[in-house]
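Inside the fold
So the chains spell out like this:
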Amino acid sequence: MSVELVAYGCFFLTMALTYAIMCLGLNVQWGQTGLFNVGVAGFVAIGAYVSALLTTPEAADRFGGFGLPIVVGWLGGALATALVSFLIGALTIRLRADYLAIATFGVAVAVQLCALNMVKVTGGPFGIGFIPRPFADTAGDPLLFGLANLAVVAAVVLVLYLALQRLVRSPWGRVLRAIREDETAARALGKNAVSFRLQAFAIGGGIMGLAGAVQAHFIGFIAPDNYLPRLTFQVWAMLIVGGSGSNLGAILGAVFVWGLWAASGGAISALFPPDQQARAAALQIVMIGVALCAVLLLRPRGILGEDRGPSRRRSKENSRAEHP
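My aim in this report is to walk through the structure given alongside it, one point at a time. What you see is a predicted model, and the numbers here were worked out from it, not measured in a lab. (Residues numbered from 1 in each chain as written. Predicted model: local features only at pLDDT ≥ 70, side-chain atom pairs only at ≥ 80, totals over all residues. Heavy atoms only, no water.)

1. Quick look at the overall build of the chain
Summing up its helical and strand segments, the chain has 14 helices and zero strands in all. The linear arrangement of helices and strands in the chain, starting from the amino end, is α-α-α-α-α-α-α-α-α-α-α-α-α-α. What you see for the chain is a C-alpha radius of gyration of 21 Å, in line with the 20 Å of a compact globule of 324 residues. The buried share of the chain, reckoned over its 324 residues, is 48%. Sequence separation of at least 24 residues holds for 77% of the intrachain contacts in the chain that already meet a minimum separation of 6. For the chain, the accessible surface area stands at approximately 16000 Å², while carbon and sulfur atoms represent 69% of it. (Helix = DSSP H or I, 4+ residues; strand = E, 2+ residues; numbered from the N terminus. Rg over C-alpha atoms; globule rule 2.2 N^0.38 Å. Buried < 20%, exposed > 50% of the residue type's maximum accessible area, 1.4 Å probe, protein only. Contact = heavy atoms within 4.5 Å. Areas by Shrake-Rupley, 256 points an atom, 1.4 Å probe, with all protein chains shown as cover.)

2. Structural notes on the environment of Arg-299
Relative to the helices and strands, Arg-299 resides in the loop between α13 (282-298) and α14 (310-322). For Arg-299, a relative accessible area of 46% translates into the label partly exposed. Through-space distance from the C-alpha of Arg-299 to that of Gly-242 is 10.0 Å; in sequence the pair is 57 residues apart. Within the local environment of Arg-299, its side chain forms a polar contact with the backbone oxygen of Ile-303, the two atoms lying 3.2 Å apart. (Polar contact = N/O pair within 3.5 Å; in protein donor to acceptor, adjacent residues only side chain to side chain.)

3. Some remarks on a nonpolar patch on the surface
The grouping of Phe-63, Phe-66, Leu-68 and Val-72 at the surface amounts to a nonpolar patch, some 360 Å² of accessible area in total. Tracing the backbone shows Leu-68 in the loop between α2 (40-55) and α3 (70-92). (Patch = residues over 30% accessible without salt bridge, like charges linked within 9 Å, V, L, I, M, F, W, Y side chains within 5 Å. Salt bridge = Lys/Arg side-chain N within 4 Å of Asp/Glu carboxyl O.)

4. Considering the pattern of salt bridges
For the structure shown, the criterion picks out three salt bridges. Notably, a salt bridge pairs Glu-183 with Arg-187, separated by 2.8 Å at the nearest N-O pair. Residue Glu-183 and its partner Arg-187 are both found in helix α8 (residues 183-188); the two are separated by four residues, about one turn of the helix. Relative accessible area serves as the criterion here: at 14%, Glu-183 is assigned to the buried category. Residue Arg-187 is classed as partly exposed on the basis of its relative accessible area, which comes to 44%. Glu-183 is the salt-bridge partner of Arg-197, the closest N and O atoms lying 3.7 Å from each other. In this pair, Arg-197 is assigned in helix α9 (residues 193-219) and Glu-183 in helix α8, connecting sequence segments 14 residues apart.

5. Section: the packing of aromatic side chains
Counted by the stated rule, this structure contains nine aromatic pairs. Aromatic side chains Tyr-19 and Trp-258 sit 5.0 Å apart centroid to centroid with 25° between the ring planes, which places their arrangement in the stacked category. Here the residue Tyr-19 occupies a position in helix α1 (residues 3-31), and Trp-258 occupies one in helix α11 (residues 247-271), the gap between them amounting to 239 residues. Ring centres 5.8 Å apart and planes at 85° place the aromatic pair Phe-63 and Phe-66 in the edge-to-face group. (Phe/Tyr/Trp six-rings, centres within 6.5 Å; stacked < 30°, edge-to-face > 60°.)

6. Let's talk about the state of the cysteines
Put plainly, a disulfide is one covalent bond tying together the sulfur atoms of two cysteines. Taken as a whole and assessed by the stated rule, the structure comprises zero disulfides. Between Cys-23, a free cysteine, and Cys-293, which holds the nearest cysteine sulfur, the sulfur-to-sulfur gap is 18 Å. Judged by relative accessible area, Cys-23 falls into the buried class, the value being 0%. (Disulfide = S-S within 2.5 Å.)

7. Here's the deal with unusual backbone geometry
One non-glycine residue with positive phi stands out, namely Phe-130, at about 55°. Considering the arrangement of structural elements, one finds Phe-130 in the loop between α5 (119-122) and α6 (142-169). For Phe-130, a relative accessible area of 75% corresponds to the exposed category. Not every positive phi belongs to a glycine, and Phe-135 is a case in point at roughly 60°.

8. Quick notes on the nonpolar core
Residues Tyr-19, Ile-222, Tyr-227, Leu-231, Val-235 and Trp-258 are the most contacted members of the largest nonpolar core, which totals 80 residues. Sorting elements by how many residues they give to this core places α1 first, with 13 residues. With residues near it in sequence (within four places) discarded, Trp-258 still touches Phe-12, Met-15, Ala-16, Tyr-19 and Met-238. (Core = buried A, V, L, I, M, F, W, Y, C linked by side-chain atoms within 4.5 Å.)

9. Examining α2
Taking 1.5 Å as the rise per residue, α2 with 16 residues should run 22 Å; its terminal C-alpha atoms sit 23 Å apart, in good agreement. Where burial is concerned, most of α2 is hidden: 15 out of the 16 residues are buried. (Expected span 1.5 Å × (residues − 1).)

10. Here's the deal with the packing of α6 against α9
Look at α6 against α9: their axes get within 11 Å of each other, and the N-to-C directions meet at 175°. Comparing the axis directions of α6 and α9 gives the class roughly antiparallel. When α6 is examined against α9, the residues Asn-149, Val-153, Val-156, Leu-160 and Leu-164 are found in contact with a partner set consisting of Ile-207, Leu-210, Val-214 and Phe-218. Within the contact of α6 with α9, the residues separate by chemical class into eight nonpolar, one polar and no charged. (Axes fitted to C-alpha atoms, helices over the stretch in contact; angles between N-to-C directions. Parallel < 35°, antiparallel > 145°, perpendicular 65-115°, else oblique. Nonpolar A, V, L, I, M, F, W, Y, C, P; charged D, E, K, R; others polar.)

So, in C-alpha cells, the structure goes:
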C-alpha cells in the first residue's frame, strides 16, 4: 500500500469525521428532541468564522487576526455558536415543525449573506485564508500530517460521542425523548418543555459550530460558498442514512455518505470532459438522494436506528403476552 493512498485515506476519514461532528449536533436537536433545524450550514459557518478570526495572523484590511491558539479558536467557535443558537432559539423554539424549519433556513441564509457582504470582517467572497492548521510543521510529510490530524479529529469525535451517550442516558436525555414523543404528557409531569428544547437547541448548535471550526482549520481556508444550503442537505442525509436518534448511527452515516459523495465526484471527473463537469456535479446530489431512498426502503430507521430502550421493549413484550 503506497504512502499516497494511506495519506488520502487519512484525509478522507478526517473530512468524514468533521461531518460526523455536525451530525452529532443535529442528532441532539432532531434525533433526541424533534427540533426540525434546516439551517445547519449557518451554524457551522458561525463556528468556522469565529475560530478563523480568533486564530489567524493580523491582517490590515480585516477585523480579527488575533493569532490565538487553535484550541482557543475551537472553543470560541463552539461557545459563540451555542450563544447565537440560544438567542435564536429563544425567539423561535415555540414554533413547530415546518415553521421552525422556515425560521432556521432564514437564519442560515442571513448568515451566508453576512459572510458574503461583511468584507471587513469575513473577507467577503474571497473568504479568510492562512487559517492555522494543526501540526502544520509536519505538512512536508503527507503521511505524518494526515495521521496526526486524523488522530486529533477522531479524539474530538470520541469525546463528543461518549459525552452525548451519557447525556442521552441521563434523566435530561430521557426528558428530551419524552418531549419528542409526547410533549403534552411531559408537561403534565411537570417538565418545562420550552426550557429543555432551548437547551438542546443551544447544545446542538454549539456542536455544529465546533464542527465548522475543526473543518476550517483542517482545510486552512473558508469562504461563503462553503456554507450553501447543500451542506444542510448533506448533513441531514448523513443523519437519516445512519439512523436518527443514534449517536453511533450519526457517525456511521457521515462516513458512508461522505464516501458516496467523494466516489461520485471521482466518477464525474473520470467520465465527463472538463467543460461538462460543473453541470454533471448535480449528479452527486442525485446519487445521495437515491441512496437515501434505498436506505429508507430497506431500513426505515436508518442503518443503526435508535435504541428504543429496555422500558419500551418490556412494554411491547407485555403487550404481546396479554394479546397473543
